[in-house]
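A structural walkthrough
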Amino acid sequence: KAGVTQTPRYLIKTRGQQVTLSCSPISGHRSVSWYQQTPGQGLQFLFEYFSETQRNKGNFPGRFSGRQFSNSRSEMNVSTLELGDSALYLCASSLSQGYTDTQYFGPGTRLTVL
Amino acid sequence: QKEVEQNSGPLSVPEGAIASLNCTYSDRGSQSFFWYRQYSGKSPELIMFIYSNGDKEDGRFTAQLNKASQYVSLLIRDSQPSDSATYLCAVNDGGGSYIPTFGRGTSLIVHP
């Protein structure tokens, strides 16, 4: 079974631009979560989508948004990029089966904001 | 605020030794616990999960859970240089969101 895929793997943008990242979950997984990882802050939860609905949300500004399609693929958008948005953005998928639920991560998208 | 605490390290052990990584959590209602390994520049990779008190073994890895003391640990036996990575502890509180809270990770260095 194929794993979680993310595109693109690397991105370089300038301040003020916007960016869209894509994530395809493991086949059969309906939950997709997004995380931001930086050396200083560790792994921080952005939001989770399940059946095309945002089910959980972390503590990030409204510049960060996402959506999920009917095939469970998800996109994350960041508008008006800031230097501090430079990070590794990770997508994780799961079956969403209760407390035993296990998240599997994609390879990540490395975003650099200049 | 749910917290998951890990010593950032680095924890340095010689090849062949046992590496012991610890994690404490604040939410007493937590129900599931995960260990991920993350190599530099790569994404986290699931190593083990544990739900019940006691030990769970998988190859060279053993997860230990003590809910009364609110800690979970990961033992790596016969450590190899290839085990050098950051180990992330994740805790799922089972309170409905099922979104795990991650610790910041412990850096492990296994030297030959």
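Now for a quick tour of the structure. This structure is a prediction, so every number in the text was calculated from the model and none was measured. (Residues numbered from 1 in each chain as written. Chains lettered and ligands numbered in written order. Predicted model: local features only at pLDDT ≥ 70, side-chain atom pairs only at ≥ 80, totals over all residues. Heavy atoms only, no water.)

1. Focus on the overall build of chain B
Regarding its fold elements, chain B presents zero helices and 11 strands. Each helix (α) and strand (β) of chain B, taken in turn from the N terminus, gives the series β-β-β-β-β-β-β-β-β-β-β. Taking 112 residues into account, the globule formula puts the C-alpha radius of gyration at 13 Å, and chain B, at 13 Å, falls close to it. Overall size of chain B, expressed as C-alpha extent along the three principal axes, is 45 × 30 × 20 Å. Buried positions account for 44% of the 112 residues belonging to chain B. Of all intrachain contacts in chain B linking residues separated by at least 6 positions in sequence, the fraction that spans at least 24 positions is 54%. Accessible area for chain B stands at about 5200 Å²; split by element, carbon and sulfur atoms hold 47% of it. Distance between charge centroids for chain B: 4 Å, based on 9 positive and 11 negative side chains. (Helix = DSSP H or I, 4+ residues; strand = E, 2+ residues; numbered from the N terminus. Rg over C-alpha atoms; globule rule 2.2 N^0.38 Å. Buried < 20%, exposed > 50% of the residue type's maximum accessible area, 1.4 Å probe, protein only. Contact = heavy atoms within 4.5 Å. Areas by Shrake-Rupley, 256 points an atom, 1.4 Å probe, with all protein chains shown as cover. Lys, Arg positive; Asp, Glu negative; His and termini not counted. Charge placed at Lys NZ, Arg CZ, Asp CG, Glu CD.)

2. Some points on the nonpolar core
Residues Trp35, Val72, Leu74, Ile76 and Tyr87 of chain B are the most contacted members of the largest nonpolar core, which totals 23 residues. When residues of this core are traced back to their parent elements, those giving at least two are strand 3 (19–25), strand 4 (32–38), strand 5 (45–50), strand 7 (61–66), strand 8 (71–76), strand 9 (85–92) and strand 11 (106–111) of chain B. The next biggest cluster of nonpolar side chains, apart from the first, holds 21 residues, and it includes Cys23, Leu46, Phe47 and Leu111 of chain A. (Core = buried A, V, L, I, M, F, W, Y, C linked by side-chain atoms within 4.5 Å.)

3. Some points on the interface of chain B and chain A
Between chain B and chain A, the contact holds 21 residues from the first and 22 residues from the second. Of the roughly 1700 Å² buried between chain B and chain A, counting both surfaces, carbon and sulfur atoms make up 58%. There are three residue pairs in polar contact (both at pLDDT 80 or more) connecting chain B and chain A. Looking at the side of chain B that touches chain A, the elements with two or more residues in it are strand 4, strand 5 and strand 9 of chain B. Its residues placed into classes, the side of chain B that touches chain A shows 11 nonpolar, eight polar and two charged. (Buried area = accessible area lost by both parts, 1.4 Å probe. Polar contact = N/O pair within 3.5 Å; in protein donor to acceptor, adjacent residues only side chain to side chain. Nonpolar A, V, L, I, M, F, W, Y, C, P; charged D, E, K, R; others polar.)

4. Some words on the side chain of Ser31 of chain A
Residue and element names in this part refer to chain A. Relative to the assigned elements, Ser31 resides in strand 4 (residues 31–38). Reaching out from Ser31, the side chain makes a polar contact with the side chain of Glu48 at a distance of 2.6 Å. Filtering out sequence-adjacent residues up to four positions away, Ser31 remains in contact with Glu48, Tyr49, Phe50, Arg55, Ala92, Ser93, Ser94 and Ser96.

5. Brief notes about the pairing of strand 6 (residues 53–57) of chain A
If a strand is regular, its side chains alternate between the two faces of the sheet. Residues and elements named next belong to chain A. Looking at chain direction, strand 5 (residues 42–50) and strand 6 are connected through four bridges and run antiparallel. Paired with Phe50 across the bridge in strand 6 is Thr53. Between strand 5 and strand 6, which follow one another and run antiparallel, lie two residues, and Ser51 among them has a positive phi close to 50°. (Pairing = 2+ DSSP bridges.)

6. Here's the deal with the pattern of salt bridges
Close approach of charged atoms allows side chains of opposite charge to pair. Residue and element names in this part refer to chain A. All chains considered together, the criterion is met by eight salt bridges over all chains. One salt bridge connects Arg63 with Glu82, and the closest N-O pair in it is separated by 3.6 Å. Of the two residues, Arg63 is situated in the loop between strand 6 and strand 7 (64–68) and Glu82 in the loop between strand 8 (74–78) and strand 9 (87–94); the sequence distance between them amounts to 19 residues. What makes Arg63 buried here is its relative accessible area of 16%. Taking the relative accessible area as the measure of exposure, Glu82 reaches 42% and is therefore partly exposed. The shortest N-O distance in the salt bridge between Asp85 and Arg63 comes to 2.8 Å. Of this pair, Asp85 sits in the loop between strand 8 and strand 9 while Arg63 sits in the loop between strand 6 and strand 7; the two residues are 22 residues apart in sequence, bridging distant segments of the chain. The residues Asp85 and Arg63 share a single accessibility class, namely buried. Through salt bridges that share partners, Arg63, Glu82 and Asp85 make up one connected network. (Salt bridge = Lys/Arg side-chain N within 4 Å of Asp/Glu carboxyl O.)

7. Some details on the layout of surface pockets
In this structure, the largest pocket occupies an estimated 810 Å³ of space. Along the walls of the largest pocket sit 24 residues, with Leu43 and Phe45 of chain A together with Gln1, Lys2 and Thr101 of chain B positioned nearest its centre. Those elements that provide at least two residues to the lining of the largest pocket are strand 5 and strand 6 of chain A together with strand 1 (4–5) and strand 10 (101–102) of chain B. For the lining of the largest pocket, the per-class residue count stands at eight nonpolar, 10 polar and six charged. (1 Å grid on protein atoms, 1.4 Å probe; cavity = no way out; pocket = protein on both sides within 12 Å on 5 of 7 lines; lining within 4 Å. Points joined across faces, edges and corners; volume = space filled by probe spheres on them.)

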